[in-house]
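# A look at the structure
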Amino acid sequence: MVSASGLHDIDLTTKIGSLTLAYPTLMGSGCYGSGEEFAPFVDLAKIGAVVLKSVTRHPRLGNPTPRLVHTPAGMLNAIGLQNPGIEWYLEHDVAKFAGRPCTIVGSVAGFSVDDYAYVCELLGQRSEIAAIELNISCPNVASEGETFACDPRLTGKVVRAAREVTDKTLIVKLSPNVTDIASIAREAQSAGADALAVINTVRGMAIDVETWRPRLGNVTGGLSGPAIRPIAVLAVYEVARAVTIPIIGQGGIETTSDALEFFLAGASAVSIGTANFTDPRVPVRIVEELRAYLAQRNLRSLSSIVGRANVGFANAQQYEGDEG
Ligand SMILES: Cc1cc2nc3c(=O)[nH]c(=O)nc-3n(C[C@H](O)[C@H](O)[C@H](O)COP(=O)(O)O)c2cc1C
C-alpha cells in the first residue's frame, strides 16, 4: 500500500523537446482558450501545458455557421481557424500569457510554406511562448489545395521552413486522414520536428434529413471525441514504431484508462480536447489517478510504461528495468 505522501514521489514529468513538463497532460488547441477561461474551475498549475488556438498570418473570420454538430460519441467542428492574425495577436494577446502557472504552447497554421515560416519566426521570438505546435492540417494554395499533413514531401517542406526560423521546441501535429501516417511522421522527424502530436480531427459530415442539407455551414468538418479514440491509439502505435522523438497522443481522451492506452501505445504525453467542454476537471483527475495506477503496480515513473504495449517501439529498451 502506498501512502499519500508516497503518491507524490511518483514521477509524472515528461520531456517534449527542450521542455520538461511537470505533468504529461496538454490541453488541445482550440479546446481550452488560453487557459484563463478555465481558471475558475481548475488549478492551472496542475496541468502540463495549454496549446493555444491556431493563429495564421492574416486574420480569419472562420467558416459560416453552424460550426458545431453533436454526434453520438463526439462532435463535428468546422470553425475554420477563426483568429485575429499574427500581428494583432502579438500586440494584444501574447503578453497576457506571461506568468501563467502552466506552460503555454503556441499553435501555427497556414496556407503556404511562407505563411508558416513568417508566423513561426514572429511567435518564436516571444518568451511567453514555450514551444510551437505546427497545425499542418491545412490546404496548401500553391499545391492545388493539397493538405500539408497528407503528403510527406509537403510535410517535410513546411517543417524544414519552420525549423529554420525558430529554436523553440517544434511539435508537428499529424492528421489521421492519410494512408500511411508512419511515413509522414518519419519525414517530420527528419525535417527537424522535436515531437509529434497525434492526431488532429478525422474528416466527417452530417446531414439534416428534414432539410436535406449538410448540418455544418462548411459542409464537412473534423470529428473529435471518443468516436475517434481507437483511430488515434492505432496512429500513436504506428508512429511510435517509426520515430524516436516524443509523441503527444490525443483523440477522445476522457478518462485515465483512455490516457493509459495512449501511454502504453508509445505516447510520452497526452492532450485533452473535446472532454474539456463537458468537464474541465478531466485533466487534473487524470493526473491524480495516474499516480494511483502507477503506485498500485509499484512503478515510480510514468516513463516506465510508455510503449509497453508496443512490441517494436523504437525507444522500448530505454525503459527496461525502470520499475520500483
Ligand atoms: C472546437 C475545436 C476546435 C479546434 N481547433 C483546433 C485548432 O485551432 N488547431 C488545431 O491544431 N487543432 C484544433 N482542434 C483539434 C484538437 O486540438 C484535437 O487535436 C482533436 O479535437 C482531437 O482531440 P479530442 O478528441 O480530445 O478533442 C480543434 C478541435 C475542436 C473540437
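If you're wondering where the values come from, they're calculated on a predicted model, not measured in any experiment. (Residues numbered from 1 in each chain as written. Predicted model: local features only at pLDDT ≥ 70, side-chain atom pairs only at ≥ 80, totals over all residues. Heavy atoms only, no water.)

The biggest cluster of nonpolar side chains holds 91 residues, and the ones touching the most others in it are Leu 123, Leu 134, Leu 174, Leu 196 and Val 198. In terms of residue count, the dominant contributor to this core is helix α9 (residues 282-296) (seven residues). Excluding residues that lie within four positions of it along the chain, Leu 123 makes contacts with Val 55, Ile 86, Tyr 89, Leu 90, Val 94, Gly 106, Val 108, Ile 129, Ile 132 and Lys 168. In this structure, Leu 26, Ala 49, Ile 171 and Ala 269 belong to the second largest nonpolar core, which totals 13 residues. (Core = buried A, V, L, I, M, F, W, Y, C linked by side-chain atoms within 4.5 Å. Buried < 20%, exposed > 50% of the residue type's maximum accessible area, 1.4 Å probe, protein only. Helix = DSSP H or I, 4+ residues; strand = E, 2+ residues; numbered from the N terminus. Contact = heavy atoms within 4.5 Å.)

Attention now moves to the state of the cysteines. Within the structure shown, the criterion is met by zero disulfides. Take Cys 31: it sits in no disulfide, and the sulfur closest to it among the cysteines is that of Cys 102, at 15 Å. For Cys 31, a relative accessible area of 15% translates into the label buried. Just so you know, Cys 138 is unpaired, no disulfide at all, and the nearest cysteine sulfur is the one on Cys 150, 11 Å from it. A relative accessible area of 2% means that Cys 138 is categorised as buried. (Disulfide = S-S within 2.5 Å.)

Okay, the site of the ligand next. Lining the immediate surroundings of the ligand are 21 residues, of which Ser 29, Ser 54, Gly 225, Gly 252 and Thr 274 lie closest. Contacts to the ligand include Lys 173, whose side-chain N or O atom sits 2.9 Å from an oxygen atom. Here an oxygen atom of the ligand sits 2.6 Å away from a polar atom, N or O, in the side chain of Thr 274. If the ligand stood free it would expose 610 Å²; the protein chains cover 96% of that surface. Tallied by class, residues from the shell around the ligand come to four nonpolar, 15 polar and two charged. (Near = heavy atom within 4 Å. Polar contact = N/O pair within 3.5 Å; in protein donor to acceptor, adjacent residues only side chain to side chain. Areas by Shrake-Rupley, 256 points an atom, 1.4 Å probe, with all protein chains shown as cover. Nonpolar A, V, L, I, M, F, W, Y, C, P; charged D, E, K, R; others polar.)

A cluster of nonpolar side chains, Met 205, Ile 207 and Val 219, forms an exposed patch at the surface whose accessible area comes to about 260 Å². Tracing the backbone through its elements, the reader meets Ile 207 in strand β14 (residues 207-208). (Patch = residues over 30% accessible without salt bridge, like charges linked within 9 Å, V, L, I, M, F, W, Y side chains within 5 Å. Salt bridge = Lys/Arg side-chain N within 4 Å of Asp/Glu carboxyl O.)

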